[in-house]
Amino acid sequence: MPKKSPTVWTTEHFIGGNPAIDLTNTVFTRHMPADDNDLLNSPQDVGNWFQFAGLATGAQANAITGIADPAFLGSVRKLRDASFLVFDALAAENPPAPDALGLLFEQAAEGFATHRLGPRAVHTTPEIARFDDPKGIPAFLAAISVEAFIVLPRQRLHACPRCGWLFVDTSRGGRRRWCSMQTCGNREKASRHRVSSNQ
């Protein structure tokens, strides 16, 4: 099987309004996913995502890219998917699955207990002790997801009806419907236009 090219991250990938929500959107779609749906396919993809999200410098992202632990990518994806289950439930005004929420709290707590993560005096976002630590990176992602679970305004958390990506609606009227008007919004308009033209 040929190796996939690294994911090219753009501002369109970061529409969630919070890094923990952007993490849940690191797939092409949540509705009818194809076999190649994942955007996190290598440690390089993870490192580049951290840098584009403003969570790592270039050198720190390179340290993530160099992680050789074969279990690393799977642990990041597992954490990502648990975060999605939690926030997708909240967007639907349902209680999150206890197993998914428990995984986030457990990994975040373990990160602090093992000193892979450290609290900061000013920022709520924890500090990663070593960016080349295959267990420290998922612990950090768990910690920012726990923080988002606690502080994000749940009435403003929505799922795009077309692709299933999540976002925090920061618009003044709170009427944002799509992950992006330029992508899913325009595609929905085009789809409706085709249907009406064929009737």
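Residues numbered from 1 in each chain as written. Predicted model: local features only at pLDDT ≥ 70, side-chain atom pairs only at ≥ 80, totals over all residues. Heavy atoms only, no water.

*Asks:* Looking at this structure, how should I read the packing of helix α2 (residues 43-52) against helix α3 (residues 58-65)?
*Replies:* Axis angle and axis distance: for two packed helices, these are the angle between their axes and the distance between the axes, and together they describe the pair. Where α2 contacts α3, the axes come no closer than 7 Å and their chain directions differ by 160 degrees. One finds that α2 runs roughly antiparallel with respect to α3. Taken as a pair, α2 and α3 cross one another with a handedness that is right-handed. Listed contacts from α3 to P43, Q44, V46, G47, F50 and Q51 of α2 are G58, A61, I64 and T65. For the contact of α2 with α3, the residue count by class is five nonpolar, five polar and no charged. (Axes fitted to C-alpha atoms, helices over the stretch in contact; angles between N-to-C directions. Helix = DSSP H or I, 4+ residues; strand = E, 2+ residues; numbered from the N terminus. Parallel < 35°, antiparallel > 145°, perpendicular 65-115°, else oblique. Left-handed = near helix turned anticlockwise from the far one by under 90°. Contact = heavy atoms within 4.5 Å. Nonpolar A, V, L, I, M, F, W, Y, C, P; charged D, E, K, R; others polar.)

*Asks:* How do you make sense of the state of the cysteines when you look at a structure like this?
*Replies:* By definition, a disulfide links the sulfur atoms of two cysteines through a covalent bond. In total, this model carries zero disulfides according to the counting rule given. No disulfide involves C160; its sulfur sits 3.8 Å from that of C184, the nearest cysteine. Cysteine C163 remains unbridged, with the sulfur of C179 as its closest cysteine sulfur at 3.7 Å. For C163, a relative accessible area of 7% puts it in the buried group. (Disulfide = S-S within 2.5 Å. Buried < 20%, exposed > 50% of the residue type's maximum accessible area, 1.4 Å probe, protein only.)

*Asks:* Any chance you could explain the environment of L73 here in plain terms?
*Replies:* Within the element layout of this structure, L73 appears in helix α4 (residues 72-91). For L73, a relative accessible area of 17% puts it in the buried group. In sequence terms L73 and P134 are 61 residues apart; their C-alpha atoms lie 8.7 Å from each other. If we ignore the near neighbours within four places in the chain, the residues touching L73 are L40, N41, S42 and V46.

*Asks:* Honestly, unusual backbone geometry in this entry has me stumped. Any pointers?
*Replies:* Most peptide bonds are trans, and most residues other than glycine sit at a negative phi. The phi torsion at E93 lies on the positive side, around 60 degrees, for a residue other than glycine. Tracing the chain through its elements places E93 in the loop between α4 and α5 (98-113). Since its relative accessible area comes to 74%, E93 is described here as exposed.

*Asks:* I would appreciate a short explanation of a nonpolar patch on the surface in the present structure.
*Replies:* Together, F105, I150 and V151 line one region of the surface with nonpolar side chains, adding up to about 290 Å² of accessible area. Looking at the element boundaries, V151 is found in helix α6 (residues 136-151). Overall, the relative accessible area of 53% leaves V151 in the exposed class. (Patch = residues over 30% accessible without salt bridge, like charges linked within 9 Å, V, L, I, M, F, W, Y side chains within 5 Å. Areas by Shrake-Rupley, 256 points an atom, 1.4 Å probe, with all protein chains shown as cover. Salt bridge = Lys/Arg side-chain N within 4 Å of Asp/Glu carboxyl O.)

*Asks:* When you look at the packing of aromatic side chains in this model, what are you seeing that I'm missing?
*Replies:* Two aromatic rings, taken as a pair, are described by how far apart their centres are and by the angle between their planes. According to the stated counting rule, one finds six aromatic pairs in the structure shown. On the numbers, 6.2 Å between centres and 70 degrees between planes, the contact of W9 with F14 is edge-to-face. The exposure classification of W9 matches that of F14, with both residues buried. Summarising the aromatic geometry, the rings of F14 and F52 are spaced 5.0 Å apart at their centres and angled 15 degrees between planes, so their arrangement reads as stacked. With F14 in the segment before α1 (19-24) and F52 in helix α2, the pair connects residues that are 38 residues apart, well separated along the chain. Residue classification places F14 among the buried residues on the basis of a relative accessible area of 18%. Aromatic ring contacts, followed pair by pair, group W9, F14, W49, F50, F52 and F140 into a single cluster. (Phe/Tyr/Trp six-rings, centres within 6.5 Å; stacked < 30°, edge-to-face > 60°.)

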